[in-house]
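Here are the chains, one letter per residue:
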Amino acid sequence: MIPVWRRNYDVLVNVTNICDARCVMCNIWKNQEGPKSWLSPEMLRTVKPLSTVSFAGGEPFLHRQIVEIVRAVHQQNPRAKVVFSSNGFRPEPIVEKVRQILEFHRNVQVTISLDGVGEVHDRIRGIPGAWNKVNRTFDRLGEIGLKQRNFAFTITRDNFAALPGVYAHARSKGAGLSLAVAQSSKFLNVEIPPIEFEMVYPYLAPIVEAHLKSGNPMDWVRAFFQFGVLRYLDTRQRPIECDVFEHQFMIDQAGEVLSCHPLLLRAGSLGEEELPKILTCPLANKMKKELRTCHACWEVCTARSAIRTNLFKVGVWVVGNKILAHLGLWSGRRGSFLFPLTRRKPS
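The following paragraphs examine the structure supplied in this document.

Things to note about the overall build of the protein chain
- When helices and strands are tallied, the protein chain shows eleven helices and nine strands.
- A globule of 347 residues ought to have a C-alpha radius of gyration of about 20 Å, and the protein chain, at 19 Å, matches this closely.
- The principal-axis extent of the C-alpha atoms belonging to the protein chain is close to 55 × 50 × 35 Å.
- Put simply, the protein chain has 347 residues, and 59% of those count as buried.
- Here the analysis covers contacts within the protein chain between residues at least 6 apart in sequence; of these, 75% occur between residues at least 24 apart.
- Positive and negative side-chain charges in the protein chain, numbering 46 and 31 respectively, have mean positions lying 5 Å apart.

Okay, here's the thing in structure tokens:
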């Protein structure tokens, strides 16, 4: 649990641009290994103070020094939440590395990609047997005592109808389900046409409603984020303005401090400057102002800090919409007066 009063950063750290999946919505797996394919633990020595650090890639558990990387973060941020985004294809190596990390840092979550049930997931991820590997990894992580295990579903034109089945599977495993929408990304080397709201709505809206009816506060936050996904698909507007370089940012495998994976706007390099100087330099300050009105994405890594900063308004939204859900009156087709951008149609 992250204390809401802390004004620390959320950072997405892509520790490598190498991946062993063959996903239909991402081309990062086409990268060839080079001298800057693997982040050095030394690069993270000035990265603080953090609330959440999300390790991704590529596939983060392919990094031979991933345990040392987490240790470097832990030394500066012992209370930070550590989140891994993994494809789960290598059960035993993943489990062993997580076991080592848990020996010195307990606040760890592993989120495993799951984009369909059975053959659908194998097809989306481009790896035969991927479904079985993912579930094996999930189960084995539970066996070593990892409490925070979730699945993540990426909405594409090829799998949107599989969302209810994946949600049911996650619930059967006692796991949460985070969402992302496949989109164009410079970091992932991919161009993807926007996905239509009406395509996704019948499959996602019932899940938002179920989260609103839940007694679990984490589900209420998920409901707001997923409502934001629906409204983003309809309006192409983030519900809450972007706070990049103010409360969140990205680090790539070369130690570059960047805005986000869709845009890759550079503020500086950890190989040249310490993080505090990078985040307060004239270029970063200029981008803080300019990117507040950016609507390139609405994703967990860029929404987490925005939700925390606006927690009171999000709470009011939850109360009102929870009542509507229990009365059978909730609809994700309507925007919110609390978050005007959810009501604005694209021009």
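More follows now that the structure is in view.
Thoughts on the sheet that holds strand E6 (residues 176-181)
- Taking strand neighbours across the sheet as the criterion, the nine strands line up as E6-E5-E4-E3-E2-E1-E7-E8-E9 in an open arrangement whose pairing is mixed. Of all the strands in the sheet, just E6 and strand E9 (266-269) have a single pairing partner and so form its edges. Looking at each pair of strands side by side, their axes are set apart by 25 degrees on average, direction ignored.
- Where strand E2 (residues 50-56) lies against strand E3 (residues 81-86), four bridges are found, and the strand directions are parallel. When the sheet's bridge partners are listed, Phe-55 is paired in E3 with Phe-84.
- Packed on one face of the sheet, helix H1 (residues 66-76) meets E2 and E3 and runs near 165 degrees to E2.
- Running at roughly 20 degrees to E6, helix H7 (residues 217-235) makes contact with strand E5 (148-155) and E6 of the sheet.

Quick word on helix H5 (residues 163-172)
- Along H5, the positions that sit buried rather than exposed are Leu-163, Val-166, Tyr-167, His-169 and Ala-170. Seen end-on, H5 carries its buried residues on one side only, within an arc spanning 160 degrees.
- Just downstream of H5 lies Gly-174, where phi reads positive at about 70 degrees.

Quick word on the environment of Cys-294
- Assignment of secondary structure puts Cys-294 in the loop between helix H9 (282-290) and helix H10 (300-309).
- By relative accessible area, which is 18% here, Cys-294 ends up buried.
- In this structure the C-alpha to C-alpha distance between Cys-294 and Cys-23, which are 271 residues apart in sequence, comes to 27 Å.
- Every residue in contact with Cys-294, bar those within four places of it in the chain, is listed here: Arg-238, Cys-242 and Leu-263.

Quick word on the environment of Ile-278
- Inspection of the secondary structure puts Ile-278 in helix H8 (residues 275-279).
- Distance in space between the C-alpha atoms of Ile-278 and Arg-266 is 9.9 Å, their sequence separation being twelve residues.
- Not counting chain neighbours up to four residues away, the residues in contact with Ile-278 comprise Val-257, Ala-267, Gly-268, Ser-269, Leu-270, Glu-273 and Ala-284.

Looking at the nonpolar core
- Core analysis: the largest hydrophobic core is formed by 92 residues, its most contacted members being Phe-55 and Phe-84.
- Per-element accounting of this core gives the leading share, nine residues, to helix H6 (residues 197-213).
- Not counting the four nearest positions on each side in its chain, Phe-84 is found in contact with Phe-55, Pro-60, Phe-61, Ile-66, Val-70, Ile-101, Val-108, Gln-109, Val-110 and Thr-111.
- Cys-23, Ile-127, Ile-192 and Leu-258 belong to the second-largest nonpolar core, a separate cluster that totals 20 residues.

Quick look at the packing of aromatic side chains
- A full pass over the atoms with the stated rule returns twelve aromatic pairs.
- Aromatic side chains Phe-224 and Trp-317 sit 5.3 Å apart centroid to centroid with 80 degrees between the ring planes, which places their arrangement in the edge-to-face category. Of the two residues, Phe-224 is situated in helix H7 and Trp-317 in helix H11 (residues 311-326); the sequence distance between them amounts to 93 residues. We note that Phe-224, like Trp-317, is buried.
- On the basis of an interplanar angle of 20 degrees and a centroid distance of 5.7 Å, the ring pair of Phe-225 and Trp-298 is categorised as stacked. Placement of Phe-225 in helix H7 and of Trp-298 in the loop between H9 and H10 is noted, with a sequence separation of 73 residues between them.
- One aromatic cluster is present, built from ring pairs that chain together Phe-224, Phe-225, Phe-227, Trp-298, Trp-317 and Phe-339.
- For Arg-71, the ring lying beneath its charged end belongs to Phe-104, and the centroid distance is 4.2 Å.
- Sitting above the plane of the Tyr-201 ring, Arg-333 keeps its charged end 4.2 Å from the centroid.

Conventions we followed
- Throughout this document, residue positions are counted from 1 along each chain, in the order its sequence is written.
- Only residues with pLDDT of at least 70 are given local features in this predicted model, and only at 80 or more are side-chain atom pairs given and counted; all residues enter the totals for whole chains, interfaces and linings.
- Where side-chain values are given, they derive from all heavy atoms of the structure, hydrogens and water being excluded.
- Runs of E in the DSSP output that reach at least two residues are strands. Runs of H or I that reach at least four are helices, and both are numbered from the N terminus.
- The globule rule used here is 2.2 Å times the number of residues to the 0.38 power, and the radius of gyration it is set against is calculated over C-alpha atoms.
- Buried residues are those whose accessible area, probed at 1.4 Å on protein chains only, stays under 20% of the maximum for their type, while exposed residues exceed 50% and partly exposed ones sit between those limits.
- Contacts between residues were defined by any pair of non-hydrogen atoms, one from each residue, lying within 4.5 Å.
- Counted as positive: Lys and Arg. Counted as negative: Asp and Glu, with His and the chain ends omitted from the count.
- Here the site of a charge means NZ on Lys, CZ on Arg, CG on Asp, or CD on Glu.
- DSSP-based pairing: two strands are paired if at least 2 bridges between them are found.
- Lines fitted to C-alpha atoms define the axes, with helix axes restricted to the stretch in contact, and inter-axis angles between N-to-C directions lie between 0 and 180 degrees.
- To be clear, the arc concerns the directions from the helix axis to the C-beta atoms.
- Put simply, a nonpolar core is a bunch of buried Ala, Val, Leu, Ile, Met, Phe, Trp, Tyr and Cys residues held in one set by side-chain atoms that sit within 4.5 Å of each other.
- To pair, rings of Phe, Tyr and Trp, with the six-membered ring standing in for Trp, must have centres within 6.5 Å; the planes then decide the type, stacked if under 30 degrees apart, edge-to-face if over 60, and tilted in the middle.
- We call a charge positioned above a ring when the Lys NZ or Arg CZ atom is no farther than 6 Å from the ring centre and deviates by at most 35 degrees from the ring normal.

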